[in-house]
Protein chains: 2
Amino acid sequence: MSERPLPRAERRRRTEGKILDAARVLFAEMGFERTTIRAVARAAEVDPALVMQYFGNKEELFRKAVRVTPVPDAGLDADQLVDHLLGTLTVKMGELPQGSLAMMRSMLTHPEAAASAREVLGRQIDRLAESIPGDDARLRAALMTTIMLGLTVGHHLLELDELRDAPQEEIARVLRPSLRALTGPEVS
Amino acid sequence: MSERPLPRAERRRRTEGKILDAARVLFAEMGFERTTIRAVARAAEVDPALVMQYFGNKEELFRKAVRVTPVPDAGLDADQLVDHLLGTLTVKMGELPQGSLAMMRSMLTHPEAAASAREVLGRQIDRLAESIPGDDARLRAALMTTIMLGLTVGHHLLELDELRDAPQEEIARVLRPSLRALTGPEVS
DNA sequence: TCGTTGAGTCAACGCCTGTTGAGCGAATGG
DNA sequence: CCATTCGCTCAACAGGCGTTGACTCAACGA
């Protein structure tokens, strides 16, 4: 029962964190529209008005809550970027960051989330295209990206049984040839 | 200017059609939450109350409007189902039925649309799995399905530049090896 | 010690939503 | 021809939403 007064700055930091955590969870579960400021406040054990005071409006709260982790490293050569994609897959399966989930959950119905998704995916396409030879490098990169997109949507957002039941290593193993087939123009 | 009185049954049929068409377009564009009954009524040039009178409530309007085209034929053998998938792709690119688009637009944020999507995808997985040999047939079928899902999401819902600019035949050509790689256990 | 700051609460506002019930007027059918 | 059906409109309701401003009270700093 140590009721130390707790300095103001620290208190503010913690409250903001609680609100952001609650918002992330709810946005990831319900999407932007179905998530109410009141529900976020309730989950964070805080008054709804305080959420406004901290973030101004719902859009801004969403923006701050879903800050997606930037696309990491670049400049991989040839086919090992398949391993890289499948690597992020392994990471994703375990604990796809809640913020990214929240963003993806709303990307089809919230304009700003859609723009954010396009930007993130576009960056990944750019990065992949650099490592792929041929005229249609961008198309191949885009298809690799949409494959991973579909996998993430099916797995984490729609929670299809077949994907939920399969261990991530097996998914990676079975999917690898499909990605490898896109790393370069094999025939033509 | 033939102002024929127009029989009641016919009149009813047309009005219902106008409302459903408007609803499909708006649901497909904005998703369930952002589409208001009032907006549907305005687009259909009708009173909002009439929409209620015809469909009871918004959920029911959505249900009737997005009636997804049932998964067609079955029992394809071996690898020509890839061609079938890529064939539906060709169809989809041209004029993916507005109802399916509406359903997919809301599948991440509307519970019933999510259930509907799971059902449709599940049926496709079942159907594909029948034509694939091996223990992991279901996983392979699921991955083929998510690949097409990701493509549709990226192309029609997020409208990624790389996919919008590419002619459908080229997408099919480049993607075919990735799907073929999933039609059977080649190595192990 | 005491005025000031600022975190947090409370009650309310205005708006928009889905939804309803009363009513109008034209097509219907006996 | 007339009573009835029924497609359709109008005005309004209740409820939930994001958002606001006044207020409380404990931490702060001089």
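Residues numbered from 1 in each chain as written. Chains lettered and ligands numbered in written order. Predicted model: local features only at pLDDT ≥ 70, side-chain atom pairs only at ≥ 80, totals over all residues. Heavy atoms only, no water.

Q: I'm lost on the overall build of chain A in this one. Help?
A: The helix and strand inventory of chain A stands at ten helices and zero strands. Seen in sequence order, chain A has helices and strands lined up from the N terminus as α-α-α-α-α-α-α-α-α-α. Within chain A, contacts between residues at least 6 apart in sequence are counted, and of these 71% link residues at least 24 apart. When the accessible surface of chain A is totalled, it reaches about 9500 Å², and 51% of it is carbon and sulfur. (Helix = DSSP H or I, 4+ residues; strand = E, 2+ residues; numbered from the N terminus. Contact = heavy atoms within 4.5 Å. Areas by Shrake-Rupley, 256 points an atom, 1.4 Å probe, with all protein chains shown as cover.)

Q: Please clarify how the protein's contact with DNA strand D should be interpreted in this entry.
A: Looking at DNA strand D, there are 22 residues lining it, with Arg38 and Lys58 of chain A together with Arg8, Arg12 and Tyr54 of chain B nearest. Atoms of DNA strand D within 4 Å of the protein belong to the sugar or the phosphate in 53% of instances, the rest to bases. One of the side-chain N or O atoms of Arg12 of chain B is found 2.8 Å from a phosphate oxygen in DNA strand D. Sorting the residues of the surface near DNA strand D by element identifies α2 (37-43) and α3 (48-55) of chain A together with α1 (8-34) and α3 (48-55) of chain B as the ones contributing at least two each. Its residues placed into classes, the surface near DNA strand D shows nine nonpolar, five polar and eight charged. (Near = heavy atom within 4 Å. Polar contact = N/O pair within 3.5 Å; in protein donor to acceptor, adjacent residues only side chain to side chain. Nonpolar A, V, L, I, M, F, W, Y, C, P; charged D, E, K, R; others polar.)

Q: Whenever I open this one, the side chain of Gln124 of chain B confuses me. Can you help?
A: Tracing the chain through its elements places Gln124 of chain B in helix α7 (residues 111-130). Those residues within four positions of Gln124 of chain B in sequence are excluded, and the remaining contacts are Leu85 and Thr145 of chain B.

Q: Honestly, the protein's contact with DNA strand C in this entry has me stumped. Any pointers?
A: As a structural note, the neighbourhood of DNA strand C is formed by 21 residues, with Arg8, Ala49 and Tyr54 of chain A together with Arg38 and Lys58 of chain B the closest of them. Close to the protein, within 4 Å, the atoms of DNA strand C belong to sugar or phosphate groups at a rate of 56%. With respect to DNA strand C, the side chain of Arg38 of chain B contributes an N or O atom lying 2.6 Å from a base nitrogen. Residues of the surface near DNA strand C, tallied by class, amount to eight nonpolar, five polar and eight charged.

Q: What am I meant to see in the interface of chain A and chain B here?
A: Many structure descriptions define interface size as the accessible area lost when the parts assemble. With 46 residues of chain A at the interface, the matching set in chain B holds 46 residues. It is Leu108, Leu158 and Glu162 of chain A in chain A that bury the most area against chain B; as a group they hold 19% of the surface buried on that side. The interface formed by chain A and chain B holds six salt bridges in total. As a salt-bridge pair, Glu33 of chain B and Arg34 of chain A come within 1.8 Å of each other at their nearest N and O atoms. At the boundary of chain A with chain B, the tally comes to 13 residue pairs in polar contact (both at pLDDT 80 or more). Elements with a minimum of two residues in the side of chain A that touches chain B: α1 (8-34), α6 (98-106), α7 (111-130), α8 (137-157), α9 (161-165) and α10 (168-180) of chain A. (Buried area = accessible area lost by both parts, 1.4 Å probe. Salt bridge = Lys/Arg side-chain N within 4 Å of Asp/Glu carboxyl O.)

Q: Whenever I open this one, the environment of Gly99 of chain A confuses me. Can you help?
A: By secondary structure assignment, the location of Gly99 of chain A is in helix α6. When the C-alpha atoms of Gly99 of chain A and Asp21 of chain A are compared, they prove to be 9.2 Å apart, with 78 residues separating the residues in sequence.

Q: Can you walk me through α7 of chain B in this structure?
A: Every α-helix winds through 3.6 residues per turn, so residues three or four apart in the chain are directed the same way. Over its 20 residues, α7 of chain B runs 29 Å from end to end, which matches the ideal 28 Å to within 8%, given 1.5 Å per residue. Three or more residues of α7 of chain B are buried, namely Ala113, Ala114, Ala117, Val120, Leu121, Gly122, Gln124, Ile125, Arg127, Leu128 and Ala129 of chain B. (Expected span 1.5 Å × (residues − 1). Buried < 20%, exposed > 50% of the residue type's maximum accessible area, 1.4 Å probe, protein only.)

Q: Where do I start with helix α8 (residues 137-157) of chain B in this structure?
A: Residue and element names in this part refer to chain B. Counted at 1.5 Å a residue, the expected span for α8 with its 21 residues is 30 Å, and the 29 Å between its end C-alpha atoms agrees. Of all 21 residues that make up α8, 20 are buried, and the element is covered over most of its length. Positive backbone phi, approximately 55°, marks Glu159, located one or two places after α8.

Q: Teacher, can you tell me more about the packing of aromatic side chains here?
A: Describing an aromatic ring pair means giving the distance of the ring centres and the angle of the ring planes. As enumerated under the stated definition, the model contains eight aromatic pairs over all chains in all. With 4.9 Å between their ring centres and 90° between their planes, Phe27 of chain A and Phe62 of chain A make a pair best called edge-to-face. Highlighted residues: Phe27 of chain A in helix α1 and Phe62 of chain A in helix α4 (residues 58-66), separated in sequence by 35 residues. By the burial criterion, Phe27 of chain A is buried, and Phe62 of chain A matches it. Three or more aromatic residues joined by ring pairs make a cluster, and in this case those are Phe27, Phe32 and Phe62 of chain A. Here the basic side chain of Arg12 of chain B rests over the ring of Tyr54 of chain B, its NZ or CZ set 4.4 Å away from the ring centre. (Phe/Tyr/Trp six-rings, centres within 6.5 Å; stacked < 30°, edge-to-face > 60°. Lys NZ or Arg CZ within 6 Å of the ring centre and 35° of its normal.)

Q: I keep staring at unusual backbone geometry and nothing clicks. Help me out?
A: Both trends apply: most residues other than glycine have a negative phi, and most peptide bonds are in trans. One non-glycine residue, Glu159 of chain A, adopts positive backbone phi at about 55°. By the secondary structure assignment, Glu159 of chain A is in the loop between α8 and α9.

Q: Sorry if this is basic, but what is going on with the packing of helix α4 (residues 58-66) of chain B against helix α6 (residues 98-106) of chain B here?
A: Axis angle and axis distance: for two packed helices, these are the angle between their axes and the distance between the axes, and together they describe the pair. Residue and element names in this part refer to chain B. At their nearest, the axes of α4 and α6 sit 8 Å apart, and the two run at 130° to each other. Relative to α6, α4 is oriented oblique. Contacts between α4 and α6 involve Phe62, Ala65 and Val66 from the former and Gly99, Ala102, Met103 and Ser106 from the latter. Across the contact of α4 with α6, the residue classes break down as five nonpolar, two polar and no charged. (Axes fitted to C-alpha atoms, helices over the stretch in contact; angles between N-to-C directions. Parallel < 35°, antiparallel > 145°, perpendicular 65-115°, else oblique.)

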